[in-house]
Each structure stands twice: as structure tokens, then as C-alpha cells.
Amino acid sequence: MHPKIVILIGDGMGDTPVASLGGKTPLEAAHTPHMNRLAGMGEMGRVQTIPPGMEPGSDIANMALLGYDPAVYHTGRAPLEAASLGVSLDPHQVAFRCNLVYLEDDGRGGRRMGDHSAGHITTQEARELVNALQEACDGLPLTLHAGVSYRHLLVWDHGDDSLPTTPPHDILGEPSDPYARVYDQVEVLSRFVARAAAILAAHPVNARRVAQGRRPANAVWPWGQGRAPSMPTLQERFGLAGSMISAVDLLKGLGVYAGLEPVEVPGATGYLDTNYQGKVEAALGALEDGDLVFVHVEAPDEASHEGSLEKKIRAIEDFDAKVVGPILRGLEGKGLVHVLVAADHLTPLHVRTHVGDPSLFALFRGRLEASAGPAAKVHFHEKAASQTGLHLSSGPELFERLVGSI
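Residues numbered from 1 in each chain as written. Predicted model: local features only at pLDDT ≥ 70, side-chain atom pairs only at ≥ 80, totals over all residues. Heavy atoms only, no water.

(A) Inspection of the side chain of D249 at higher detail. Structurally, D249 can be placed in helix α11 (residues 249–258). Looking at D249, the relative accessible area reads 6%, which means it is buried. Each residue touching D249, except ones within four places of it in the same chain, is listed here: L80, E81, S84, L85, G147, V148 and R151. (Helix = DSSP H or I, 4+ residues; strand = E, 2+ residues; numbered from the N terminus. Buried < 20%, exposed > 50% of the residue type's maximum accessible area, 1.4 Å probe, protein only. Contact = heavy atoms within 4.5 Å.)

As C-alpha cells, then:
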């Protein structure tokens, strides 16, 4: 009988020292008794989730943490999101992530990336906008699919997957026009982007947002394109069946390709207001029949993109108190378990985007008994992980360590 395998990911949780925290990282400053407990019972170290020369995206990092070498299997972010939405890509089709973004005047006649999430627009508002944006696809070999919040999908028949597009969260506060010129190179995208801007400028949803003092979604931003990958499932590789729990289409789609069942959790938003309790209940329920559950929480990464230290510490503490703690309690007395807690990558507040430095993890393999109180004085954070001397060269190496000899 397989041990139950649990992977808990705080997206972008890792960081670098912050001056206002006296040189501590947010993870070091946060109250995280449950991650500390796990690290004290098991082992803690660092892992290189981003292969050399690859972009430090959540797609690459989480693919690696699921045991797949991105250098072999990664074809782009958007094809994974397509799988989550139930969109099957033909070989001639290229999928793009299509963000609803807020571009602001830079005061010099140009524009800059004001917000990659259009003020964390609600899913309901976004769906109204995406319905209106279908008109922008008229006469073009494009299909637009609605996702969650600001994250949507654009499929281009006989499209070009080699365009040098840029993730909008990588250029927050920077001039956007130099990066948007890539769309001008191709008439299909040029016409779509221009039509979309006109539709968004006149839409009542944006008028209401502006009246309420919120940022409008005044532009679309296609990026992360690729064709459908070919990946063996975890069942084929390790004999493992399980579930993926995330608010983010990217992760759910990655789960689809890995053969994991995507679990829909009502109220899961990918932000600070997500339904943590629902995720925990879904995870523990999934383990009743499955071998593995992968639980992904996006909030720390979003707080980092905003550059908010306060929100990042809150997101980390919520992840610890509302996800890690309840799941560990739910596993107590349930037999042999393998539990991994990790950040997929670092998202330092001072740069507000992902970096390719080694991330950190805590791994426990054994039987969880009811906690009698504080364990050994171990603190789960970047410096402590570095000081253990345990450094793994890849996500697949960590996954094989997690799975063990099953």
C-alpha cells in the first residue's frame, strides 16, 4: 500500500532579506509554527526548480516540482492553461495566456504596465469583458476562452509560437510600449489588441470600476504561448493517482497532463480571499481514494507582484495556519505519509517578479502523531534551508526523494 503523498506549495513564498525587517525575509519574519514543525521532524534544504537558461515562471517551477524536467516537457505556459479549461489543442494551434491588464499613461506620451491583474478584477466582471471581446476575434483565426479573474486564454489557428512575448508581471511600472511592439509584427495580433482596447474603453464594467476608484481592464496582453506538450502521467511513471487543487488554470492544466484530477473548490480565487478551508477539505477528501494530492496557493506570489510586504507576510501566515496546519492535523494517525512543503520559486518584493535562484523545501516521511506542542526550535526559511547544506539540483530530484521507493 502506497504512503499518502502530499505536496503543499506556497507560490512565490521565498524572498530575499528586507531592510525594514532588519535583514529578515518575509518567511523568516512570519509566524509559521506548522511549517517549522514539519521542518523540525523531517529535513529542510534548497532545490533548483528553474533549469539553467529557462525563464523562472510558475509553469516551469511547478512542472519541476511534479517530477517533470521542464527542459524536456515544457512547451509554454498557455497550453497547460488550455488543458485546465478543457480546450484540446490541435497540432496546428498555438495557445496564449491572455491577461486583462491596466496600462497607465507615463506622462511622456507613452504607457507603462500599471497592473498585470487589472486591479485583481473579479471573475464575474472579467467574464462580461471576455464576452464583449469575442467581437475582437471576428474574421481572425482566434478563439478567446474565459478563465479566472484576469487570466484568460487565446488560441490562434496556425499561429506563431516563436514570438518574443513578455509576462506582464515582469514589467510592472515599466514602459509597456517597447514590449507591446511584438504584437505589431503580426497582423492577427495587432488587429486583435487594437480592437480589444477600443471595446474595453467603452465597456460599462470598466466605467463602474473607474467610478469606484478601481483600476480598469483597459488592454489585453497575450504571452506565454506554446503548443500542446506530450507528457507521461504520474500513473505511468510511478503508479500514482491523485488530485490537483489550485485556483490557477496553469496548475490545474499541469495536473491534467500529469494525470491528476483537477478539483474545483468554490471560492478559490488565487488571492488572499481564497477559500482555504475548502482547499483543505478537498485535499483530505482526495486522499481517501487517491495516492497523491498537490495543493497550490497563489496568494504569496500575488502579494509579491504587488510589492506589498504586509500582504506577503499575511499570505504566508494564512498558508501556514489555514492550509499546512489543518492538513497536518488531518494526517495525524493516518499511517505512513510523505509531506512536502515548498515555494515553487522566489518572488522577491524588491523586484516584484520571479527569479531563478534556488528555492526552499521541507520534507517529512513517516507517521504523524498528534503534536504535543512546539517541536524542536527549527524555523523554516531561506537562510535556515541554506545552512543545512542539503541542495538538490532539480525539481525531479526532489520529487523522487519525496516519492521514495514506492
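On we go.
(B) Looking closely at the environment of N131. Mapped onto the secondary structure, N131 falls in helix α6 (residues 123–133). Between the C-alpha atoms of N131 and A146, which are 15 residues apart in sequence, the distance is 8.1 Å.

(C) Quick look at the sheet that holds strand β12 (residues 359–367). Spatially, β9-β8-β10-β1-β11-β12-β2-β13 is the arrangement adopted by the eight strands of the open sheet, whose pairing is mixed. Bordering the open sheet on either side are β9 (261–262) and β13 (391–392), each of which pairs with just one other strand. Relative to β12, strand β2 (residues 43–47) runs antiparallel, the two sharing five bridges. Bridge pairing links R46 to L360 in β12. Strand contacts of helix α12 (residues 276–289): β1 (4–10), β8 (242–245) and β10 (292–297), with the helix running at about 165° to β10, the strand carrying the most contacts. (Pairing = 2+ DSSP bridges. Axes fitted to C-alpha atoms, helices over the stretch in contact; angles between N-to-C directions.)

(D) Layout of the layout of surface pockets. Its volume calculated, the largest pocket comes out at about 470 Å³. Every residue lining the largest pocket is counted, 22 residues in all, and those nearest its centre are E55, D59, H74, P167 and G224. Those elements that place two or more of their residues in the lining of the largest pocket are α3 (58–65) and β7 (219–226). Class assignment for the residues of the lining of the largest pocket results in six nonpolar, 11 polar and five charged. (1 Å grid on protein atoms, 1.4 Å probe; cavity = no way out; pocket = protein on both sides within 12 Å on 5 of 7 lines; lining within 4 Å. Points joined across faces, edges and corners; volume = space filled by probe spheres on them. Nonpolar A, V, L, I, M, F, W, Y, C, P; charged D, E, K, R; others polar.)

(E) Structural view of the packing of aromatic side chains. Tallied over the entire structure, the rule returns four aromatic pairs. On the basis of an interplanar angle of 90° and a centroid distance of 5.5 Å, the ring pair of Y68 and Y73 is categorised as edge-to-face. The pair formed by Y68 and Y73 is uniform in burial state, with each residue classed as buried. Taken together, a centroid distance of 6.1 Å and an interplanar angle of 35° make the contact between F96 and W156 tilted. You can see F96 sitting in strand β3 (residues 93–105) and its partner W156 sitting in strand β6 (residues 151–157), a full 60 residues away along the chain. It is R237 that lies over the ring of Y68; its NZ or CZ is 4.7 Å from the centre. (Phe/Tyr/Trp six-rings, centres within 6.5 Å; stacked < 30°, edge-to-face > 60°. Lys NZ or Arg CZ within 6 Å of the ring centre and 35° of its normal.)

(F) Structural context of the pattern of salt bridges. Scanning all chains against the criterion turns up 21 salt bridges. Where R215 meets D115, a salt bridge forms, and the shortest distance between an N and an O atom there is 3.0 Å. Of this pair, R215 sits in the loop between α9 (204–211) and β7 while D115 is found in strand β4 (residues 111–115), placing the two residues 100 residues apart along the sequence. One salt bridge connects E128 with R208, and the closest N-O pair in it is separated by 3.9 Å. With E128 in helix α6 and R208 in helix α9, this residue pair connects regions lying 80 residues apart in the sequence. Residue E128 is classed as partly exposed on the basis of its relative accessible area, which comes to 33%. Using a relative accessible area of 40% as the deciding quantity, one classes R208 as partly exposed. What you see here is one network of salt bridges that share partners, running through R77, E81 and R97. (Salt bridge = Lys/Arg side-chain N within 4 Å of Asp/Glu carboxyl O.)

(G) The pairing of β6, seen in detail. Among the seven residues of β6, six are classified as buried, and the element is accordingly described as predominantly covered. Pairing of β3 with β6, which is carried by seven bridges, proceeds in the antiparallel orientation. Each bridged residue has a counterpart across the sheet, and for R97 the counterpart in β6 is L153. Relative to β6, strand β5 (residues 142–148) runs antiparallel, the two sharing five bridges. By the bridge assignment, V148 is partnered in β6 with R151.

(H) Representation of the nonpolar core in the model. Core analysis: the biggest nonpolar cluster contains 46 residues, and L8, M35, F319, I327 and F380 have the highest contact counts within it. Mapped by element, the contributors of at least two residues to this core are β1, α2 (33–41), α12, β10, α14 (309–331), β11 (336–342), β12 and α15 (382–387). With nine residues, α14 is the largest single contributor of residues to this core. Among the nonpolar cores identified, the runner-up in size contains 40 residues, and Y150, V188, A196 and A219 belong to it. (Core = buried A, V, L, I, M, F, W, Y, C linked by side-chain atoms within 4.5 Å.)

(I) Quick peek at the pairing of β12. By the criterion of burial, β12 is predominantly enclosed, with seven of the nine residues buried. Sheet topology places β11 next to β12; seven bridges connect them, and they run antiparallel. Considered in β12, the bridge of V341 is made with A362.

(J) Highlighting empty space enclosed by the protein. One pass over the full model with this rule turns up two cavities of 30 Å³ or more. Of the pockets and cavities examined, the largest cavity occupies roughly 100 Å³. Lining of the largest cavity is provided by 15 residues; of these, R77, Y150, H169, E298 and E302 occupy positions nearest its centre. Looking at the lining of the largest cavity, the elements that each hand over two or more residues are β3 and α13 (299–306).

(K) Geometry of the side chain of D11. Within the fold, D11 resides in the loop between β1 and α1 (26–29). Side-chain polar atoms of D11 contact the side chain of S58, separated by 3.2 Å. Not counting residues up to four positions away in its chain, the partners in contact with D11 are S58, N62, H296, V297, E298, P300, D301, D344 and H345. (Polar contact = N/O pair within 3.5 Å; in protein donor to acceptor, adjacent residues only side chain to side chain.)

The values are spatial; any link to function lies outside them.
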